[in-house]
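Here's the letter readout for the chains.
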Amino acid sequence: MTFPPAFLWGAATSAYQIEGAVREGGRTPSIWDTFSHTQGRTAGGETGDIAVDHYHRYRDDVALMAELGLTAYRFSVSWSRVQPTGRGPAVQMGLDFYRRLVDELLSAGIKPALTLYHWDLPQELEDAGGWPERDTAFRFAEYAQLVGEALGDRVEQWITVNEPWCSAFLGYGSGVHAPGRTDPAAALRAAHHLNLAHGLGATALRSVMPARNQVAISLNSAVVRPLSQEPADLAAARRIDDLANGIFHGPILHGAYPESLFPETASVTDWSYILDGDVRTIHVPLDALGLNYYTPTLVSAAPGEIKGPRQDGHGASEHSPWPGAGTVLFHQTPGERTEMGWTIDPTGLHELIMRYTREAPGLPLYVTENGAAYDDKPDPDGRVHDPERIAYLHGHLSAVRRALTDGADVRGYYLWSLLDNFEWAYGYGKRFGAVYVDYATLERTPKSSARWYGEAARTGALPAVQAD
């Protein structure tokens with residue numbers, strides 16, 4: 001079960017979930033500041049105002065990564081910390097924080113991987129229409145260029161957008177993510193403009209960075225499985241595959257949206273906002289592709305239009321994140337579950353990797369997110385044992401190793417997440433971290449899984465599941 005010597009063993013985080021310091025250094029509100037401060041939007045009304053205070057504790061956090069043996073760290077930049085209004089020149093105090101973070105990582109021998117957008121749109125851009133507005137994509141390209149100019153000399157791995165599906169369909173469709181809008185037509189417009197932002201942003205980055213740097217995007221592509229092989233269930237699975245996957249990888253990887261997407265969504269939009277040249281702009285060459293995976297999706301055809309919340313694993317809402325797919329029924333997949341209610345199925349990760357090995361032959365792949373939430377608690381001695389997460393990691397890393405054996409070019413794995421943190425609308429109730437955070441004191445305690453994962457990183461092989 002050994003991995004290639006150059007394989008990256010990383011962990012991932014995002015700015016709003018860990019940084020805190022939301023009013024320091026010139027930072028202004030993002031849509032997640034507004035959303036989390038709106039009554040009823042998050043569990044217990046919890047916010048990321050302090051989060052886990054990484055903004056002030058980043059040196060200790062980097063030292064912890066080095067102690068564990070990580071070789072890579074994926075973080076995101078807070079757009080409104082760097083460019084508070086989403087327009088105009090950068091705030092150097094904001095950029096300086098990321099300069100210090102990157103320098104600390106490099107000094108510790110840890111490779112930085114920078115994500116430009118992990119869901120925290122500056123509120124002023126949302127006030128101007130947000131992602132359903134075409135102009136937001138051009139504002140993103142300007143922001144990408146500012147960050148590329150500041151950090152392109154020392155950061156080699158760049159990700160334009162993280163999980164555009166969530167931004168578009170949970171933010172503007174079901175409303176369970178910021179900005180909390182529930183307009184299916186706006187969700188589809190947002191998806192196109194996020195694609196356009198990726199293409200424009202990638203081009204902007206390459207205009208100011210060394211040619212050695214890699215530009216990628218991270219997709220939470222769904223592993224969609226039909227409940228049966230009946231034609232109606234197969235059609236339902238294809239429809240969800242178009243909305244979860246094809247709407248993004250079609251133009252990004254293949255230079256065209258899936259033809260079946262247009263009739264499926266004709267009752268929602270006429271797609272007139274796709275202008276001449278847009279798809280060509282989106283279809284810029286990638287240097288790598290990031291894949292985020294947690295659990296498979298199981299669907300069937302419904303006898304009629306589904307009303308109310310769905311069992312799709314994406315939060316409870318009366319509004320659907322699946323425009324035009326009201327006759328698709330989602331099912332809980334069988335098996336052991338995490339605290340999120342997501343079924344543990346490493347075969348889905350292998351399936352996803354092999355799909356994109358076929359979809360984009362020759363393109364290096366990274367697992368940019370994979371992990372599990374459990375109800376972790378310290379024992380009387382202050383230690384945090386999480387054997388369930390060790391088993392989860394062993395199963396999913398074994399799936400990665402199997403994909404490597406099957407010919408996939410997977411260059412690295414980023415555990416979600418380094419630290420327990422603000423888990424979006426769930427507040428602080430779901431712990432994904434390999435490092436336990438006491439939210440009262442902000443003290444960090446590596447869990448058993450962190451030590452297990454660190455051993456894998458140091459040896460390039462998976463320790464026994466029973467290891468502590």
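- Labelled according to an unreviewed UniProt entry, the chain appears under the name Beta-glucosidase, originating from Streptomyces griseochromogenes.
- Recorded in UniProt for the chain, the comment headed Catalytic activity (unreviewed entry) runs: "Hydrolysis of terminal, non-reducing beta-D-glucosyl residues with release of beta-D-glucose."
- Note on the chain: under the UniProt heading Sequence similarities (unreviewed entry), the record states "Belongs to the glycosyl hydrolase 1 family."

### Focus: the sheet that holds strand S9 (residues 328-331)
Pairing between sheet strands relies on hydrogen bonds along the backbone, with the strands arranged either parallel or antiparallel.
Right, so step 1: Pairing is mixed across the open sheet formed by three strands, whose spatial order is S6-S8-S9. Each having just a single partner strand, strand S6 (224-226) and S9 make up the two edges of the open sheet. The mean angle between the axes of side-by-side strands here comes to 40°, regardless of whether they run parallel or antiparallel.
Right, so step 2: In this structure, strand S8 (residues 297-301) lies alongside S9, joined through four bridges in antiparallel fashion. Paired with Ser300 across the strands is Leu329, a residue of S9.

### Things to note about the pairing of strand S2 (residues 72-76)
Right, so step 1: The buried fraction of S2 amounts to five of the five residues, a majority that puts the element mostly inside the structure.
Right, so step 2: Bridge count for strand S1 (residues 8-12) against S2 is three bridges, and the pairing is parallel. Among the inter-strand pairings, Ala12 is bridged to a residue of S2, identified as Arg74.
Right, so step 3: Note that S2 and strand S3 (residues 111-117) share five bridges and pair parallel. In the sheet register, Ser76 faces S3, and the bridge partner there is Thr115.

### Looking at the packing of aromatic side chains
Right, so step 1: Scanning the entire structure with this criterion turns up 35 aromatic pairs.
Right, so step 2: Here the aromatic cluster, defined as three or more aromatic residues joined through ring pairs, consists of Tyr16, Trp32, Phe35, Trp119, Phe422, Trp424, Tyr428 and Tyr439.

### Considerations on the nonpolar core
Right, so step 1: Core analysis: the largest hydrophobic core is formed by 157 residues, its most contacted members being Trp131, Leu289, Ile353 and Val400.
Right, so step 2: No other element matches the 11 residues that helix H9 (residues 184-208) contributes to this core.
Right, so step 3: What Ile353 contacts, discounting residues up to four positions off in sequence, is Leu291, Leu365, Val367, Val400, Ala403, Ala408 and Val410.

### Quick word on helix H3 (residues 54-68)
Right, so step 1: The first and last C-alpha atoms of H3 sit only 17 Å apart over 15 residues, clearly below the 21 Å expected at 1.5 Å per residue.
Right, so step 2: His54, Tyr55, Tyr58, Asp61, Val62, Leu64, Met65 and Leu68 are the residues of H3 that are buried.
Right, so step 3: Positioned one or two residues after H3, Gly69 has a phi angle of 95°, which is positive.

### Considerations on the UniProt feature "active site" (unreviewed entry) in the chain
Right, so step 1: Following the UniProt record, one finds the feature "active site" (unreviewed entry) at Glu369.
Right, so step 2: Topologically, Glu369 is positioned in strand S10 (residues 365-370).
Right, so step 3: Glu369 gets classed as buried once you look at its relative accessible area, which sits at 4%.
Right, so step 4: With sequence-adjacent residues up to four places away left out, Glu369 is seen in contact with Arg74, His118, Asn162, Glu163, Leu291, Asn292, Tyr293, Tyr294, Tyr414 and Trp416.
Right, so step 5: Within the local environment of Glu369, its side chain forms a polar contact with the side chain of Arg74, the two groups lying 3.4 Å apart.

### Observations concerning the pattern of salt bridges
Right, so step 1: What the rule picks out here adds up to 35 salt bridges.
Right, so step 2: When the shortest N-O distance is used, the salt bridge between Lys111 and Glu156 registers 3.5 Å. Remark: Glu156 occurs in the loop between helix H7 (135-151) and strand S4 (157-162) and Lys111 occurs in strand S3; sequence separation between them is 45 residues.
Right, so step 3: For Lys111, a relative accessible area of 27% gives the class partly exposed.
Right, so step 4: With a relative accessible area of 33%, Glu156 lands in the partly exposed category.
Right, so step 5: Ionic pairing is found between Asp135 and Arg139, a salt bridge with its closest N-O pair at 2.3 Å. With Asp135 and Arg139 both in helix H7, this residue pair falls four residues apart, about one helical turn.
Right, so step 6: Counted as one network, the salt bridges with shared partners bring together Asp376, Asp386, Arg389, Asp420, Arg431 and Lys447.

### Brief notes about the pairing of S8
Consecutive side chains along a regular strand alternate between the two faces of the sheet.
Right, so step 1: Most of S8 sits out of view: four of its five residues are buried.
Right, so step 2: Here three bridges tie S6 to S8, and the two strands are oriented parallel to one another. Within S8, the position partnered with Pro226 by the bridge is Val299.

### A closer look at unusual backbone geometry
Right, so step 1: With an omega dihedral of 10°, the bond running from Ala178 to Pro179 counts as a cis peptide bond.
Right, so step 2: When you line up the elements, Pro179 lands in the loop between helix H8 (164-174) and H9.
Right, so step 3: In this model, Trp416 is joined to Ser417 through a cis peptide bond whose omega is 10°.
Right, so step 4: As for its position among the elements, Ser417 is in the loop between strand S11 (410-416) and strand S12 (435-437).
Right, so step 5: One non-glycine residue with positive phi stands out, namely Ala51, at about 50°.
Right, so step 6: Here Ala51 shows up in the loop between helix H2 (31-36) and H3.

### So, the environment of Glu133
Right, so step 1: Inspection of the secondary structure puts Glu133 in the loop between helix H6 (123-127) and H7.
Right, so step 2: Judged by relative accessible area, which is 39%, Glu133 ranks as partly exposed.
Right, so step 3: Beyond its immediate sequence surroundings of up to four residues, Glu133 is in contact with Ala128 and His193.

Quick notes on the rules
Residues numbered from 1 in each chain as written. Predicted model: local features only at pLDDT ≥ 70, side-chain atom pairs only at ≥ 80, totals over all residues. Heavy atoms only, no water. UniProt positions renumbered as here; feature names shortened; annotations may be inferred. Pairing = 2+ DSSP bridges. Helix = DSSP H or I, 4+ residues; strand = E, 2+ residues; numbered from the N terminus. Axes fitted to C-alpha atoms, helices over the stretch in contact; angles between N-to-C directions. Buried < 20%, exposed > 50% of the residue type's maximum accessible area, 1.4 Å probe, protein only. Phe/Tyr/Trp six-rings, centres within 6.5 Å; stacked < 30°, edge-to-face > 60°. Core = buried A, V, L, I, M, F, W, Y, C linked by side-chain atoms within 4.5 Å. Contact = heavy atoms within 4.5 Å. Expected span 1.5 Å × (residues − 1). Polar contact = N/O pair within 3.5 Å; in protein donor to acceptor, adjacent residues only side chain to side chain. Salt bridge = Lys/Arg side-chain N within 4 Å of Asp/Glu carboxyl O.

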